[in-house]
Amino acid sequence: MKLDLQMKKKCIAAALLVVAALLSLFVIAPITSDPAFHKKSIAMLDEKKITVTEMTAAAAAASIAVSAVPGDATTPIADQIAELASYLLVVVGAIMLEKFLLTMTCLAAFRLLVPAACALAIVWVFRQKAALLQLAVRLTVFSLVITLTVPVSLQASGQVERIFDMQKTLDSALQIGEETEPAVDEEPAAEDKTGLSGWLSQIGEKITSSVSNTIEWAKSMLSSFIDAVAVLIITACVIPIAVLLFLLWVIKIIFGIQIPASVRGAARTVHGRFRHKPRAKPAEAAGREAE
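Here is what the cut-offs are and how they apply
- Positions within a chain are numbered from 1, following the residues in the order the chain's sequence is written.
- Where totals are concerned, whole chains, interfaces and linings use all residues; where local detail is concerned, this predicted model gives features only for residues with pLDDT of at least 70, and gives and counts side-chain atom pairs only at 80 or more.
- Processing note: side-chain calculations cover all non-hydrogen atoms of the structure and skip hydrogens and water entirely.
- What counts as a helix is a DSSP run of H or I of at least four residues, what counts as a strand is a run of E of at least two, and both are numbered from the N terminus.
- Think of it in three bands: residues with accessible area under 20% of the maximum for their type are buried, residues over 50% are exposed, and the middle band is partly exposed, with areas taken using a 1.4 Å probe on protein chains only.
- Reported accessibility uses the Shrake-Rupley method at a 1.4 Å probe radius. Residues are deemed covered only where the shown protein chains occlude them.
- For patch detection, residues must exceed 30% relative accessible area and be free of salt bridges, and they are connected within 9 Å for like charges or within 5 Å for nonpolar side chains (Val, Leu, Ile, Met, Phe, Trp, Tyr).
- The term salt bridge refers to a pairing of a side-chain nitrogen on Lys or Arg with a carboxyl oxygen on Asp or Glu at a separation within 4 Å.
- Any helix carries an expected span of 1.5 Å times its number of residues minus one.
- Bending is quantified residue by residue as the angle between axes fitted to the seven-residue window ending at that residue and the seven-residue window starting at it.
- A score between 0 and 100, pLDDT records how confident the predictor is in each residue.
- Pairs of residues are marked as contacts when any of their non-hydrogen atoms sit within 4.5 Å.

Novice: Help me out: how do you make sense of the overall build of the protein in this one?
Specialist: In terms of regular secondary structure, the protein is built from eight helices and zero strands. Expressed as a percentage of its 291 residues, the buried residues of the protein come to 30%. Taken as a whole, the protein presents about 18800 Å² of accessible surface, with 66% of it coming from carbon and sulfur.

Novice: How should I be thinking about a nonpolar patch on the surface in this particular structure?
Specialist: The grouping of Val18, Val19, Leu22, Leu23, Phe26, Val27, Ile28, Ile31 and Phe37 at the surface amounts to a nonpolar patch, some 810 Å² of accessible area in total. Positionally, Val27 belongs in helix H1 (residues 2–32).

Novice: What am I meant to see in helix H3 (residues 75–127) here?
Specialist: Every α-helix carries 3.6 residues per turn, so stepping three or four residues along brings you back to the same face. Under the 1.5 Å per step criterion, the end-to-end length of H3 is 73 Å for 53 residues, consistent within 8% with the ideal 78 Å. Along its length, H3 shows its largest kink, about 35°, at Ala109.

Novice: So what exactly am I meant to see when it comes to unusual backbone geometry here?
Specialist: Note: most peptide bonds trans; most residues except glycine with negative phi. Phi is positive for Gln128, which is not a glycine, with a value near 60°. In this fold, Gln128 is placed in the loop between H3 and helix H4 (130–164).

Novice: Could you clarify how one ought to interpret the confidence of the model for the protein in this entry?
Specialist: As a note on interpretation, predicted positions should not be read in detail where pLDDT is low. Per-chain confidence: the protein averages 77 in pLDDT, with 71% of residues scoring 70 or above. Across the protein, the secondary-structure element scoring lowest on mean pLDDT is helix H8 (residues 282–290), at 49, and the one scoring highest is H3, at 90. Segment residues 183–193: pLDDT under 50, and nine contacts once partners within four positions in sequence are set aside and those in other chains are kept. Below a pLDDT of 50 lies the segment residues 202–208, which in the model reaches three contacts outside its immediate sequence neighbourhood of four places, other chains included.

So, in structure tokens, the structure goes:
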């Protein structure tokens, strides 16, 4: 009678796990993998991509404008502005990767990982092996981590941008990038300087003032673009990685679960869990009992 009651409880638990796996596979996975479900997040990423595209165009235009200045004084600055476009390409790649992961992580989590965790839990119900339950819990926690990383990182990026007013830095860089000519201070004509010497003196002062203003304008443009690229790299690349590490740290603190960081580490962990320990020889066991 007691065995029948235990078997009934096990069958009920297994049935609940089957229902959870079916819900994850046929209900939650299609909903969460639909781009319409992530409409707000995708809109945020598209807006950020437009900003990066405008920044790339402004950097190209600024580099051409600076390099068009006669002489070699502004050539190094133009080259540095042009090099910033490569960093902006990295930011675009990170944004496209986040858009891809928004749907694919949910699909992988609720169509593969969660059903696999439920299957392991069902086997654990009847076999009572602790390694199966631990692996099922790890798969479930890992699926939650990968599905929450991108949405949480987007919210964190938006909060950081609002706190530090990073949009102002981006708008400033775009505004400076639209200026294709440096502002040259107009000086009134000298009234007392006459003759050839006075004319040469005026020409020298104008050339010196123009070159100085051009270099300062180019330096200001380069500084603005560096600040803007740093903001984009932080919000699009650094914060998602920091959010992932933070979630893994929180899971390790709360549940005591350490998710392996590599495929080799995961395989080694699973192999160690299921590996049978060698039995002690009779002589060694007798020696231990004697001690």
